[in-house]
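Remarks on the overall topology
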Amino acid sequence: QMSWLETVPRARASIVLASVWRQLPYMMVMLLAGLQSVDSSLEEAAKIDGANGWKAFLHVTIPSIRPVLITSTWIAIMNNFQMYTIIANLAGTGRGTGTMTLSIAAYQEAFKNYEFGRGAAIGVLWLIILFIITMVSNRAAERTARDYQ
């Protein structure tokens, strides 16, 4: 194994780097689609009203692509919760709790320790956490949808 994966901070950094590398193309396509859907007349109106490029971006572009941002962020969170292969291949499971995630813990409990009940309990905990994140995300999306109606 590589020496730069020996320590927990470096292993975490490599996991983050690999997951960003994996998700970057999808995120860029989604954000590009969102940016192309922004109504150019709103940007022109902001510039006529005296907004510079930064203020037009903050007050026109970002609110216009907020649904895309929320959806893309939610998909990234879901993908990261399901991440097993990157962690298992890069950092292995020998770092103790330094690179432990729920997917790694469920796998270890169920298939390495043969504690299927504990593995299932971790899976249920995982489901509850994702359900809570889904509810928060849906509330944010509803709030955004109400702003545009």
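Cut-offs applied
Position numbers for residues start from 1 in each chain and track the written sequence from start to end. With the structure being a predicted model, the display of local features is reserved for residues of pLDDT at least 70 and the display and counting of side-chain atom pairs for 80 or more, all residues being used for whole-chain, interface and lining totals. Excluding hydrogens and water, the side-chain values take into account all heavy atoms of the structure. Secondary structure elements follow DSSP: runs of H or I no shorter than four residues count as helices, runs of E no shorter than two count as strands, and numbering proceeds from the N terminus. Accessible area is worked out with a 1.4 Å probe on protein chains only. A residue is then buried under 20% of its type maximum, exposed over 50%, and partly exposed in between. For this analysis, residues touch if any pair of their heavy atoms sits within 4.5 Å. Contacts described as polar in this section are N or O atom pairs within 3.5 Å, which, within protein, must combine one atom able to donate a hydrogen with one able to accept it, while residues neighboring in sequence count only if both atoms come from side chains. Note on terminology: a nonpolar core comprises buried Ala, Val, Leu, Ile, Met, Phe, Trp, Tyr and Cys residues joined through side-chain atoms within 4.5 Å. pLDDT gives the predictor's per-residue confidence on a scale running from 0 to 100. Ring pairs shown here join Phe, Tyr and Trp side chains whose ring centres sit within 6.5 Å, with only the six-membered ring taken for Trp; geometry is labelled stacked below 30 degrees between planes, edge-to-face above 60, and tilted in between. In this analysis, axes come from line fits to C-alpha atoms, helices being fitted only over the stretch in contact, and the angle between any two N-to-C directions falls in the range 0 to 180 degrees. Any angle that falls under 35 degrees is termed roughly parallel, while one over 145 is termed roughly antiparallel, one within 65 to 115 roughly perpendicular, and all others oblique. Lys, Arg, Asp and Glu make up the charged group, whereas Ala, Val, Leu, Ile, Met, Phe, Trp, Tyr, Cys and Pro make up the nonpolar group; the residues left over, Gly among them, are polar.

Scanning the chain from terminus to terminus reveals 7 helices and 0 strands. Counting from the amino terminus, helix and strand elements in the chain follow one another as α-α-α-α-α-α-α. Burial statistics for the chain: of 149 residues in total, 27% are counted as buried. Across the chain, every contact between residues at least 6 apart in sequence was considered, and the portion connecting residues at least 24 apart equals 60%.

Along the chain, the position of Ser 14 falls in helix H1 (residues 8-36). Residue Ser 14 is classed as buried on the basis of its relative accessible area of 7%. Side-chain polar atoms of Ser 14 contact the backbone oxygen of Ala 11, separated by 2.7 Å.

In terms of nonpolar packing, the biggest core is built from 5 residues, these being Ile 15, Met 83, Ile 86, Ile 87 and Ile 104. If we ignore the near neighbours within four places in the chain, the residues touching Met 83 are Ile 15, Ser 19, Arg 22, Thr 101 and Ser 103.

The next point concerns the confidence of the model for the chain. Summing up the model confidence of the chain, the mean pLDDT is 84 and the portion of residues at 70 or higher is 89%. When the elements of the chain are averaged for pLDDT, helix H5 (residues 85-90) gives the smallest value, 80, and H1 the largest, 90.

Quick look at the packing of aromatic side chains now. Tallying each qualifying case throughout the model produces 5 aromatic pairs. Ring centres 5.7 Å apart and planes at 45° place the aromatic pair Tyr 107 and Phe 111 in the tilted group. Taken together, the positions of Tyr 107 and Phe 111, both in helix H6 (residues 102-112) and 4 residues apart, correspond to about one turn of that helix. Judged by relative accessible area, which is 31%, Tyr 107 ranks as partly exposed. Following the ring pairs from residue to residue traces out a cluster consisting of Tyr 84, Tyr 107, Phe 111, Tyr 114 and Phe 116.

Let us look at the environment of Ala 120. Assignment of secondary structure puts Ala 120 in helix H7 (residues 116-147). Separated by 14 residues in the primary sequence, Ala 120 and Ala 106 have C-alpha atoms spaced 7.1 Å apart.

Taken as a whole, helix H3 (residues 53-64) has its buried residues at Ala 56, Val 60, Thr 61 and Pro 63. Buried positions along H3 lie against H1, helix H2 (40-48) and helix H4 (66-81).

As a further point, take the packing of H3 against H4. Any two packed helices are characterised by the angle at which their axes cross and by the distance between the axes. Orientation of H3 relative to H4, taken along the N-to-C sense of each, is 55°, at an axis distance of 4 Å. Judged by the inter-axis angle, H3 sits oblique to H4. Of the residues in H4, those in contact with Ile 62, Pro 63 and Ser 64 of H3 are Arg 66, Pro 67 and Leu 69. Its residues assigned to classes, the contact of H3 with H4 comprises 4 nonpolar, 1 polar and 1 charged.

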